[in-house]
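Fold and geometry: a report
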Amino acid sequence: MLSKRIIVCLDVKDGKTTKGIKFKDNVEVGDPVEMAEKYYQEGADEIVFYDITASAEHRGIMIDVVRRTAERIFIPFSVGGGIKSVEDMRQVLLAGAEKVSVNTAAVLNPKLIYEGAKAFGSQCIVLGMDVKKVEPSSKIPSGYEVWIKGGRQPMGIDAVWWAKEAENLGAGEICLNSIDADGTKEGYELTITRMIAEAVNIPVIASGGAGHPEHLYQVLTEGKADAALIASMVHYGMYTVKEIKDYLAKKGVKVRTKW
Amino acid sequence: MIGIVDYKAGNLTSVARALSFFGYRWIISDDPEELKKAERIIFPGVGAAKSAMDSLKETGLDEFLKETFLKGTPILGICLGTQVIFEESEEDGGTKTLGLLKGKVKRFPEPFLFKGERLKVPHMGWNQVVWQKPHPVFQGLDPEYEYYFVHSYYVVPEEEEVIYGVTFHGISFPSVVAYKNLVALQFHPEKSGKPGLQILDQFCRWNP
């Protein structure tokens, strides 16, 4: 049986790892290559780099970080942030990432998912989604709306509809981030995670809000997520990946505990 | 020197990086003449069976792989490479493949329920291998280790004796096969952390 995956996310800005709260106020927390290697050794099942570099001229720094990391970690490794074209995807894949995550550009140009899947295979394409709770309406029946540009712009589209659409276009996985929960350490947004996990046939990664191993337990059971993304919990030394996995294993969740 | 077969099927550099980690020398090539110089061959791959076969035929790599197998050179198949080793795949409406081993490649059923839980296809993530019998390439692996899989199809060998490991995803499927100088894995050793690296290292030292 498949294990539930624990994925460590590093926000990378100008070659350094940072962490923000509700997408704002980023502080530097370390070197991404060293941190990725440390989490690999500690038993992370996957590493995600999210490039939050604002300027295009610094993109090359990210490619270099990806290349150096790929030489040192031998688990799946995804890169997202600012990917706008098949050519952008090709660059990070060639640098050594397994998967690319598209978010804003896919909402603005859904064909990007299809073209990426055709060029590199669905297993390479992760749809990143940022969602925020709203009053359910005829336009947004699930009560969760898709936002883009790092949580700065609402799109008036329904989160569940978009997840299914992305699956049809060829996305191989969905990484669902709740803007309301992000950085709060109060737990994942279980309702929308479960709605999407039940609506699509591809794996769903829950993101945003983890502060305690119990939160991962909730989202991997009640929330029906296939994987849980963590950041602050491990970046500040509150928990190690191993402690989180031991907690989950004790509660009966199948996780990879030997490596 | 280890030859990595390039048939335009996915990212081969991750396999190369794992070999470099141990200091092994490698070449990535689509030229049978170049690959003939290698002492052992890795046949990786991600993608679809039909385009893989088209590319193998176009470059003459199909004949090269058959000859290499008969010659006794150690070959390691990975993921799509493993599937293409068999005779026929259900993928792309039925694709005739290399036929180094007897058997076919089938797709996981869909929709796919096990004990009321819906199982997803592709089978993507970490899973265990239940080892069936010993083999030098797989020695010393803790049975609790897990390996990274990404696939929608699985191999069904005709001869049960080639099955060295099975994995469970709603059904039990063969995830490790071996025969003579050939070993083939459905999972990605280059992405399976230390246990996967151990398999690659042991393959590179194996003299069948």
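The rules we used
Residues numbered from 1 in each chain as written. Chains lettered and ligands numbered in written order. Predicted model: local features only at pLDDT ≥ 70, side-chain atom pairs only at ≥ 80, totals over all residues. Contact = placed C-beta atoms within 7 Å. Nonpolar A, V, L, I, M, F, W, Y, C, P; charged D, E, K, R; others polar. UniProt positions renumbered as here; feature names shortened; annotations may be inferred. Helix = DSSP H or I, 4+ residues; strand = E, 2+ residues; numbered from the N terminus. Buried ≥ 20, exposed ≤ 12 C-beta atoms within 10 Å, placed from the backbone. Core = buried A, V, L, I, M, F, W, Y, C linked by C-beta atoms within 7 Å.

It is worth spelling out the interface of chain B and chain A at this point. On the side of chain A, 22 residues touch chain B, which itself brings 31 residues to the contact. The residue inventory of the side of chain B that touches chain A, partitioned by class, reads 12 nonpolar, 11 polar and eight charged.

Right, let's talk about the UniProt feature "active site" (unreviewed entry) in chain A for a bit. Residue and element names in this part refer to chain A. Under the feature "active site" (unreviewed entry), the UniProt entry names D11 and D130. Locating D11 in the fold gives a position in strand β1 (residues 5-13). D11 gets classed as buried once you count the C-beta atoms within 10 Å, which come to 22. By the element assignment, D130 lies in strand β7 (residues 125-133). Residues in contact with D130, not counting those within four places in the same chain, are N103, W147, G151, N177 and I179.

Here the focus is unusual backbone geometry. Here the amide bond leading from V121(B) into P122(B) is cis, since omega sits at 5°, within 30 degrees of zero. Relative to the helices and strands, P122(B) resides in the loop between β9 (117-118) and β10 (123-128). One non-glycine residue, K149(A), lies in positive phi territory at about 55°. For K149(A), a count of 14 C-beta atoms within 10 Å translates into the label partly exposed. Positive phi, close to 55°, is recorded for D92(B), a residue that is not glycine.

Residue and element names in this part refer to chain A. If you look at the biggest cluster of nonpolar residues, it comprises 149 residues, and the most contacted ones within it are I47, V100, I174, I196 and A228. Of the residues forming this core, the biggest block, six residues, is contributed by β1. Setting aside residues up to four positions removed in sequence, I47 forms contacts with V8, A36, Y39, Y40, I73, I75 and F77.

With that settled, the discussion passes to the UniProt feature "active site" (unreviewed entry) in chain B. Residues and elements named next belong to chain B. The UniProt feature table records "active site" (unreviewed entry) at C79, H188 and E190. Look at the named residues: they lie 112 residues apart in sequence, but the longest C-alpha span between them is just 11.1 Å, so in the fold they bunch up. Relative to the elements of secondary structure, C79 occurs in the loop between β4 (75-78) and α5 (80-84). Judged by C-beta crowding, with 27 C-beta atoms within 10 Å, C79 ranks as buried. Ignoring any residue separated from it by four or fewer positions in sequence, one finds C79 in contact with P44, G45, V46, H151, Q186 and H188. Of note, H188 is situated in the loop between β16 (182-185) and α6 (193-205). With 25 C-beta atoms counted inside 10 Å, the residue H188 sits in the buried group.

Our focus in this paragraph is the environment of N181(B). Residue and element names in this part refer to chain B. On the secondary structure map, N181 appears in the loop between β15 (171-179) and β16. For the pair N181 and K96, spaced 85 residues apart in sequence, the C-alpha to C-alpha distance is 23 Å. Apart from the residues within four sequence positions on either side, N181 is in contact with F69, G72, T73, P74, I75 and P208.

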